[in-house]
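The chain contents come next:
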Amino acid sequence: MLRRVESDRWQESLDVNPLYNGLVPEGGVPRFKMPAGPMSPTAAQALIRDELLLDGNARLNLATFCTTWMEPQARELIAETLDRNLVDHDQYPQTADIEARCVNMLDHLWGDPNGASVGCSTGGSSEAAMLGALAMKFQWRERRRAAGLPTTNPNLVMGTAVHTCWPKFCQYWDVEPRWIPIEEPAFTLNPARLGEFCDDNTIGVIGVLGSTQCGKYDPIEQMSAELDRLEAERGLRIPLHVDAAVGGFITPFLEPDMVWDFRLPRVQSINTSGHKFGLVYPGVGWIVWQEPDALPQDLVLSCDLLGGNMDTFTLNFSRSGAPVVAQYYNFLRLGFEGYQAVQQTCRDVATYLGQEIAKLPELSLIADGSELPVLAVRTAPGFDGFTVFDLAARLKMHGWQAPTYYLPPDLEHIAVIRFVIRNGFSQDTAAKLLANLRTEVEYLRGNPVPRPRLGGDEAAAEQPGVPTGG
């Protein structure tokens, strides 16, 4: 988000607790300008802590997918490794080796048939997704050049419920987005429609293993089969990238027989978020390509800036190795069975919430927590006594932060409130949320706030912001 400060506010100062007198400079602490001189570390820490109290309680934040708690041992490792520059393999070879181990663990978790994959960590799943898309664009361009064909007008095919990083990629790298509208009752794209949107200029198709908007899996195995058919019938050679930012750390543990990953030859690359259900603090993401030749050499740069000669193919350069070390800690600490237990508990709590919410006649479930531990709730079709925006406002009085938004075209007439159930959200916490939810539904039932249902441009104008990120 862009931040702008008006010049008439440049003279503002921070409010300073009188107890800090003698610890901070006598002239006060400017709010928007760097202080003229230093202050004690205790004073700086105290000022910042006081301000951060205004933030919401992260454990009551039902909007974010990001990890909000880690064990003390993990926090200590993070503090000890914040100074390690991950890109400097010459100086920190063991940190680099740990990154490689994590890539191989994910590769194995995602069903790689031959262990030939390549990959790396990133600053988050958005960077990882963009690397996957760039690889597809570069591959497409190479094929076109080799065939003597123009390399203009590339397009990328995806459903309308993708993360905001995908339209961002298209805008930044001059690729036409081709949107397949999600449809009721599945609330995912229809793989049978891929042929309507794909052509010779299609660099790839995006399948989402768990949308942040609806909590639903795209039918990736069926998408792969449809792309196989298009290649056989029309000669379209189109790779499939799986955005597993959310589901990449859920599905392998809870639904190991579900085929969505490198067991499908059509799946060229997979990205995921370590700081979502990978259980690591922000920010770390991962990208893995099934075969080395899926990563074009034009994306790999050799660098000797830090002493040794190393290959780099991320959008960032210098980056702390601490999040990677934290991811490796979780892999060692939990193992497969530990991750399975954590994710199963999250799903059990989400399913319990879904079953209880379904008993409220005013509300209807789009996602009931039985796939991802995510609930997407709308008002029942035809009900106009209140909206999910009214309900979210009432829940906020109890401290709950729940996002509300309209679904993408062609379902923008449906407004949704979302509950993300993360590690640490216990059955007791869920019971408290349910009690507050029932109380506020009952209040709104007795105090209806009817309003016309909006759609199209009107809905977009009313929309307070679609939280497609984490």
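Residue numbers restart at each chain and count upward from 1, following the sequence in its written direction. Two thresholds apply to this predicted model, a pLDDT of at least 70 for residue-level local features and 80 or more for giving and counting side-chain atom pairs, whereas whole-chain, interface and lining totals are computed over all residues. The side-chain figures draw on all heavy atoms in the structure; neither hydrogens nor water molecules are used.

### Description of the overall build of the protein
Where we set the bar: A run of H or I in DSSP counts as a helix once it spans at least four residues, and a run of E counts as a strand once it spans at least two, with each numbered from the N terminus. In this treatment the radius of gyration is a C-alpha quantity, and the globule benchmark scales as 2.2 Å times the residue count to the 0.38 power. Any residue under 20% of the maximum accessible area for its type is buried, any over 50% is exposed, and the rest in between are partly exposed; the area is computed with a 1.4 Å probe on protein chains only. Only heavy atoms enter the contact rule, under which two residues are in contact if any of them lie within 4.5 Å. Using a 1.4 Å probe, accessible areas were evaluated by the Shrake-Rupley method; residue-level cover was limited to the displayed protein chains.
In terms of regular secondary structure, the protein is built from twelve helices and 13 strands. Taking 470 residues into account, the globule formula puts the C-alpha radius of gyration at 23 Å, and the protein, at 24 Å, falls close to it. Taking all 470 residues of the protein together, the buried fraction comes to 51%. For the protein, the share of sequence-separated contacts (at least 6 apart) that also reach a separation of at least 24 residues comes to 70%. Carbon and sulfur atoms form 52% of the exposed surface of the protein, whose accessible area is close to 22000 Å².

### Notes on the confidence of the model for the protein
Where we set the bar: The predictor rates its confidence in each residue with pLDDT, a number between 0 and 100.
The pLDDT averaged across the protein works out to 90; a share of 93% of its residues lies at or above 70. Low pLDDT (under 50) marks residues 454-467, which in the prediction has 21 contacts with non-local residues, meaning those over four places away or in another chain.

### As for the packing of helix α10 (residues 388-396) against helix α11 (residues 427-446)
Threshold: Here an angle of 0 to 180 degrees is reported between the N-to-C directions of two axes, which are lines fitted to C-alpha atoms, with helices fitted over the stretch in contact. Working definition: roughly parallel below 35 degrees, roughly antiparallel above 145 degrees, roughly perpendicular at 65 to 115 degrees, and oblique for all remaining angles. By the definition used in this description, the sense in which the near helix is turned from the far one sets the handedness, with an anticlockwise turn below a right angle giving left-handed and a clockwise turn giving right-handed. Basically, the charged four are Asp, Glu, Lys and Arg, the nonpolar ten are Ala, Val, Leu, Ile, Met, Phe, Trp, Tyr, Cys and Pro, and anything else, Gly included, counts as polar.
For the pair α10 and α11, interaxial distance at closest approach is 10 Å and the crossing angle is 125°. The angle between the axes of α10 and α11 places the two elements in the oblique class. Regarding α10 and α11, the two cross each other, and that crossing is right-handed. Across from D390, L391, R394 and L395 in α10, the residues of α11 making contact are N436, L437, E440, V441, Y443 and L444. Among the residues making up the contact of α10 with α11, the classes are represented as six nonpolar, one polar and three charged.

### What to know about the pairing of strand β3 (residues 176-180)
The condition is simple: Pairing between strands requires that DSSP locate at least two bridges from one strand to the other. Orient the strands so they point away from the viewer, and a crossover whose first-strand-to-second-strand path over the helix runs clockwise is right-handed.
Across five bridges, the pairing between strand β2 (residues 155-159) and β3 is parallel. Along β3, the bridge assignment pairs M158 with W179. Regarding the hand of the β-α-β motif, the stretch spanning β2, helix α5 (residues 165-172) and β3 is right-handed.

### Some remarks on α10
Heads up, the rule is: In protein, a polar contact means a hydrogen-donor-capable atom and an acceptor-capable atom, both N or O and within 3.5 Å, with residues adjacent in sequence counting only if both atoms are side-chain atoms; elsewhere, any N or O pair within 3.5 Å suffices.
Here α10 has its buried residues at V388, D390, L391, A392 and L395. With a side-chain oxygen positioned 3.2 Å from the backbone nitrogen of F389, the residue opening α10 is T387.

### Observations concerning helix α3 (residues 93-109)
Formally: One less than the residue count of a helix, multiplied by 1.5 Å, gives the span that helix is expected to have.
With 17 residues, α3 extends 24 Å from end C-alpha to end C-alpha; this agrees with the ideal 24 Å at 1.5 Å per step. Inspection of α3 places T95, A96, I98, E99, C102, V103, L106, D107 and L109 among the buried residues, and these make up the whole buried set. Buried-residue contacts for α3 involve β1 (118-122), α8 (251-254), β7 (285-289) and α9 (322-357). Directly after α3, the chain includes G111, whose backbone phi takes a positive value near 75°.

### Describing unusual backbone geometry
Note the cis peptide between E184 and P185, where omega equals 0°. Positive phi, normally seen in glycine, also occurs at N153, with a value near 60°. Summarising the element assignment, N153 is placed in the loop between α4 (125-146) and β2. Look at N153 and you get exposed, because its relative accessible area is 57%.

### Some words on the sheet that holds strand β11 (residues 374-379)
On the basis of which strands lie adjacent, the open sheet formed by four strands has the order β10-β11-β13-β12 and antiparallel pairing. If you trace the sheet from one side to the other, it starts and ends with β10 (363-368) and β12 (404-406), each paired once. On average, each strand axis in the sheet is inclined to that of its neighbour by 30°, with strand direction left out of account. As defined by bridge partners, β12 adjoins strand β13 (residues 415-420) across three bridges and the pair is classed as antiparallel.

### Here's the deal with the pairing of β11
Buried residues dominate β11, accounting for six of its six residues. Neither face of β11 is open: one carries V374, A376 and R378, the other L375, V377 and T379, and all of them are buried. Strand direction decides the pairing type here: β10 and β11, joined by five bridges, are antiparallel. Paired with A367 across the bridge in β11 is A376. The turn linking β10 back onto β11 is made up of five residues, and G369 within it adopts a positive phi angle of 85°.

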